[in-house]
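Tertiary structure, described
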Amino acid sequence: EKGGHDYFMLKEIEEQPEALENTLRGHFVNGGIVLDEQRMTEQDLRDIDKVFVVACGTAYHSGLLAKYAIEHWCRIPVEVELASEFRYRDPVLGRDTLVVAISQSGETADTLEAVRHARTQRARVLAICNTNGAQIPRESDAVLYTHAGPEIGVAATKTFLAQITANYLVGLALAQARGTKYSDEVAREFEELAAMPQAVRQTLSTVEQVRTLGRELADSKAVLFLGRHVGYPVALEGALKLKELAYMHAEGFAAGELKHGPIALIEDRLPVVVVMPSAKGRALLHSKMLSNIREIQARGARTVVIAEEGDEAVRPFADELIEIPAVATLLQPLVSTVPLQVLAAEIARARGYDVDKPRNLAKSVTVE
Ligand code: F6R
């Protein structure tokens, strides 16, 4: 049942290409993006002047990525907020606010209550959900289902990649409705998304390398994760996976913040996982990240670098180099996350823990 794997999570990590294919299927029709359920008018969509993304945990990390895409494509301000914080601070909401609620289960109490609060303020709600007919989509004005299939491992993996994909579809749907992108541009972006299952499949060739690395790092006291731009939410997700599965202290940072404090944590042999921005697409960010790696390496960190194939500049600074395919900037998280999932699972396994059922955690959190 685990498809010959030691644990479900590894099977689900390997199912990610199909999860993306299934999530994309049927959403590009007659040259345009379509949602699954749409109870808003085109005019409602055009009038939206503010987006809030609310979610918890891994879904929240996917939401952080939605901000990069929606602001870039639609020129609408986007705020991303933990669902458990959202309704307690009296957010400014109205008829022209779109609240995007992201939830794999569709039953997470914090996210559901955030949706209900948004609706009392007359905001529109769009749900991104992996469970047909769950409570959150039932209470929403529009729905886009991720089709990752049931996820057995308590830690979210394939649903995370599917959520990122769905977020981008929502971004394109909004751009199309608002006219901030021409239809040929929407078509081009969709094509790039449609090429991602293959890129993720290619990334799976790093699994054995990362499993070996995981065993080597299993005795570490802590692991830090650094990213910039879209690599930052990936760093947060890598740290969350490690905490929940390996019960290890792990933290994700925006690399630019290092010098504002966290660099004090670096000590000899501390593993630091760095998600490198694309060398071609983001040359400035890439060179900034190189200086960050230099700084931490000079302080004795053991650097594990996730970088695009052909990124020669980073080689001298990588104690371990994990190569991922070169893809468009916004899409890099779909490939850079994969080795971090495997790393967390394998460290947990090497420490003797049940990867599929981490202690104290439930798959669906229905209490606030
Ligand atoms: C982490 C994880 C949790 C969930 C969070 C939200 O691996 O699984 O952080 O992402 O509890 O759950 P959903 O998406 O069901 O609302």
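Residues numbered from 1 in each chain as written. Predicted model: local features only at pLDDT ≥ 70, side-chain atom pairs only at ≥ 80, totals over all residues. Heavy atoms only, no water.

Named according to an unreviewed UniProt entry, the chain is Glutamine--fructose-6-phosphate aminotransferase [isomerizing] originating from Saccharopolyspora gloriosae. In its Subunit (unreviewed entry) section, the UniProt record describing the chain reads: "Homodimer." Looking at the Catalytic activity (unreviewed entry) heading of the UniProt record, one finds this comment for the chain: "D-fructose 6-phosphate + L-glutamine = D-glucosamine 6-phosphate + L-glutamate". (UniProt positions renumbered as here; feature names shortened; annotations may be inferred.)

Regarding the site of the ligand
Taken together, 14 residues sit near the ligand, with Ser103, Gln104, Ser105, Thr108 and Glu244 positioned nearest. At a separation of 3.0 Å, an oxygen atom of the ligand approaches a polar side-chain atom of Lys241. Coverage of the ligand by the protein amounts to 88% of the 410 Å² it exposes when considered alone. For the shell around the ligand, the elements supplying multiple residues, two or more each, are helix H4 (57–74) and helix H12 (231–246). Counting residues per element, the shell around the ligand draws most heavily on H4, which supplies three residues. Residues of the shell around the ligand, tallied by class, amount to five nonpolar, seven polar and two charged. (Near = heavy atom within 4 Å. Polar contact = N/O pair within 3.5 Å; in protein donor to acceptor, adjacent residues only side chain to side chain. Areas by Shrake-Rupley, 256 points an atom, 1.4 Å probe, with all protein chains shown as cover. Helix = DSSP H or I, 4+ residues; strand = E, 2+ residues; numbered from the N terminus. Nonpolar A, V, L, I, M, F, W, Y, C, P; charged D, E, K, R; others polar.)

Quick look at the side chain of Ser62
Inspection of the secondary structure assignment puts Ser62 in helix H4. Excluding anything up to four places from it in sequence, Ser62 contacts Ile102, Phe160, Gln163, Ile164 and Asn167. (Contact = heavy atoms within 4.5 Å.)

Notes on the pairing of strand S6 (residues 97–103)
Burial of S6 is extensive: seven of the seven residues sit out of reach of the surface. Neither face of S6 is left uncovered, since the one carrying Thr97, Val99, Ala101 and Ser103 and the one carrying Leu98, Val100 and Ile102 both have all their residues buried. Of the pairings in the sheet, the one linking strand S4 (residues 50–55) to S6 comprises five bridges and is parallel in character. If you follow Phe52 over to S6, its bridge partner there is Val99. In this structure, S6 lies alongside strand S7 (residues 124–129), joined through six bridges in parallel fashion. When the sheet's bridge partners are listed, Ser103 is paired in S7 with Cys129. The parallel pair S6 and S7 is bridged by helix H6 (residues 109–120), and the resulting crossover is right-handed. (Buried < 20%, exposed > 50% of the residue type's maximum accessible area, 1.4 Å probe, protein only. Pairing = 2+ DSSP bridges. Right-handed = clockwise from strand over helix to strand, strands pointing away.)

Some thoughts on the sheet that holds S7
Overall, mixed pairing links the six strands, which are arranged S3-S8-S7-S6-S4-S5 in an open sheet. Taken across any chain shown, the strands that pair with only one partner, and hence form the sheet edges, are strand S3 (37–38) and strand S5 (78–82). Pairing geometry for S4 and S5, over five bridges, is parallel. By the bridge assignment, Val53 is partnered in S5 with Val80.

Quick word on the environment of Thr212
Mapping Thr212 onto the fold places it in helix H11 (residues 207–217). By relative accessible area, which is 35% here, Thr212 ends up partly exposed. When the C-alpha positions of Thr212 and Leu343 are compared, they lie 8.9 Å apart, and in sequence the two are 131 residues distant.

A short note on H12
Over its 16 residues, H12 extends 22 Å from the first C-alpha to the last, a length consistent with the 22 Å expected when each residue adds 1.5 Å. The buried fraction of H12 is high, at 13 of 16 residues. Looking at the residues trailing H12, positive phi occurs at Tyr247, about 50°. (Expected span 1.5 Å × (residues − 1).)

Structural notes on the pairing of S7
Most of S7 sits out of view: six of its six residues are buried. Neither face of S7 is left uncovered, since the one carrying Arg124, Leu126 and Ile128 and the one carrying Val125, Ala127 and Cys129 both have all their residues buried. Pairing of S7 with strand S8 (residues 142–145) involves four bridges; the strand directions are parallel. Directly across from Ala127, in S8, lies its bridge partner Val143.

So, the sheet that holds strand S12 (residues 302–308)
In any sheet, the strands associate via hydrogen bonds between backbone groups, in a parallel or an antiparallel arrangement. Taken in spatial order, the five strands of this open sheet run S10-S9-S11-S12-S13, and their pairing is parallel. On the outer flanks of this sheet lie strand S10 (249–254) and strand S13 (320–324), each paired with one strand and no other. Adjacent strand axes in the sheet meet at a mean angle of 15°, parallel and antiparallel pairs treated alike. Inspection of the sheet shows strand S9 (residues 222–227) paired to strand S11 (residues 271–275) by three bridges, in the parallel sense. Residue pairing for S11: Phe225 is matched across the bridge by Val273. Seen against the sheet, H12 touches S9, S10 and S11 and runs at an angle of roughly 175° to S10. With respect to the sheet, helix H13 (residues 283–298) is in contact with S9, S11 and S12, its orientation differing from that of S11 by roughly 175°. (Axes fitted to C-alpha atoms, helices over the stretch in contact; angles between N-to-C directions.)

A word on the packing of helix H2 (residues 16–24) against helix H8 (residues 158–178)
In the contact formed by H2 and H8, the axes pass within 9 Å of each other and the chain directions differ by 30°. As summarised for this structure, H2 and H8 are arranged roughly parallel, according to the angle between their axes. At the point where H2 passes H8, the crossing takes the right-handed sense. Only Lys158, Leu161, Ala162, Thr165, Ala166 and Leu169 of H8 make contact with H2, whose side of the interface consists of Gln16, Ala19, Leu20, Thr23 and Leu24. (Parallel < 35°, antiparallel > 145°, perpendicular 65-115°, else oblique. Left-handed = near helix turned anticlockwise from the far one by under 90°.)

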